[in-house]
Amino acid sequence: MTEPKRQNRAQQADEQEPARRVIISLVQSINGSFAEDGWSTGVSTDADFRRFLALRRSANAIIIDRRTALNPQLPVINAAGKTLAHTPVYVLTESDPDALQVELDARGLDYRAKIFSADTITEVAAALPTAPSPESRQSETDTAQSLPRQSTEAVLLCESGPNLAFRILEHCPGAELHLSVSPRYIRTPGSHFSGLEAKIDLRLIDVHTEDGQVFLRYRRA
Ligand SMILES: NC(=O)c1ccc[n+]([C@@H]2O[C@H](COP(=O)([O-])OP(=O)(O)OC[C@H]3O[C@@H](n4cnc5c(N)ncnc54)[C@H](OP(=O)(O)O)[C@@H]3O)[C@@H](O)[C@H]2O)c1
């Protein structure tokens, strides 16, 4: 008698809380750089960008950090007429969401500032419609291999820098980190080889995993 009751309770919980999937998307260079001259685009490659777009099209909501939101050089994620015109964009901050919202509004950005806490991701997911957007349905084939999904689950895609990504991983059990490693060494002002001019293109020749460790083998392209 107890088993069906337990099942009913689990079923009720499922009905109350829509399934959600939290994906943190990060790209880094071989030497661990997340940005080149303040931009992640310098770290990315064409293949990384294709994956980035496929992930973005699968998202029911995008999560970014303050600096990404306020960077005037970045295109507006949900600009009118773009694929994600109706996708909510949340800017999560641990400081002052009201002041941040004023700044976002002043710049005409249709982004929602929200304080980041342990419950934020659950609140964002609860505010989303359960059915995937037409864009995400369309992208199911694009991402079928990388992003198998239930048709009713809401995908929250975090495109922030490493700071907020870390906070979400810390507080959100079940969040997935999608780490893309580009075959690039990046020279940044702070890197120990910042004085070197050499740029060497590399080609991945083998990937091996053991107990969660990933071994990558490269040769010069
Ligand atoms: N490789 C990738 O996949 C990728 C993706 C996105 C971004 N990036 C790059 O990562 C770098 C950012 O790294 P990060 O995550 O360590 O973030 P950060 O912007 O360097 O700093 C961490 C935190 O400091 C606070 N902050 C930043 N600027 C502020 C400002 N002007 N006023 C007040 N508070 C501020 C924000 O937290 P609060 O708002 O909570 O105060 C922010 O989340 C950028 O260069 C970006 O281009 C890389």
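Now for a quick tour of the structure. Every residue gets a number counted from 1 within its own chain, in the order that chain's sequence is written. Per-residue local features are limited, in this predicted model, to residues with pLDDT of at least 70; the limit for side-chain atom pairs, both in listing and counting, is 80 or more; totals at the level of whole chains, interfaces and linings are taken over all residues.

Structural notes on the site of the ligand
Defined as follows: By convention here, the C-beta atom is placed from the backbone, and a residue is near a molecule or strand when that atom is within 6 Å of it. Only DSSP runs of H or I with at least four residues qualify as helices, and only runs of E with at least two residues qualify as strands; both kinds are numbered from the N terminus onward.
Taken together, 22 residues are adjacent to the ligand, and Ala35, Thr93, Glu94, Gly161 and Asn163 come closest. If you list the elements that add at least two residues to the shell around the ligand, you get strand S1 (20-29), helix H3 (66-70) and helix H7 (162-171).

Looking at unusual backbone geometry
With a phi close to 55 degrees, Asp37 is a non-glycine residue in the positive phi region. Within the fold, Asp37 resides in the loop between S1 and helix H2 (46-57). With phi around 50 degrees, Asp211 is a residue other than glycine that occupies positive phi space. Secondary-structure assignment places Asp211 in the loop between strand S7 (202-210) and strand S8 (213-220).

Digging into the environment of Ala125
Structurally, the position occupied by Ala125 is in helix H5 (residues 120-126). Residues Ala125 and Arg21, 104 residues apart in the sequence, show an inter-C-alpha distance of 8.9 Å.

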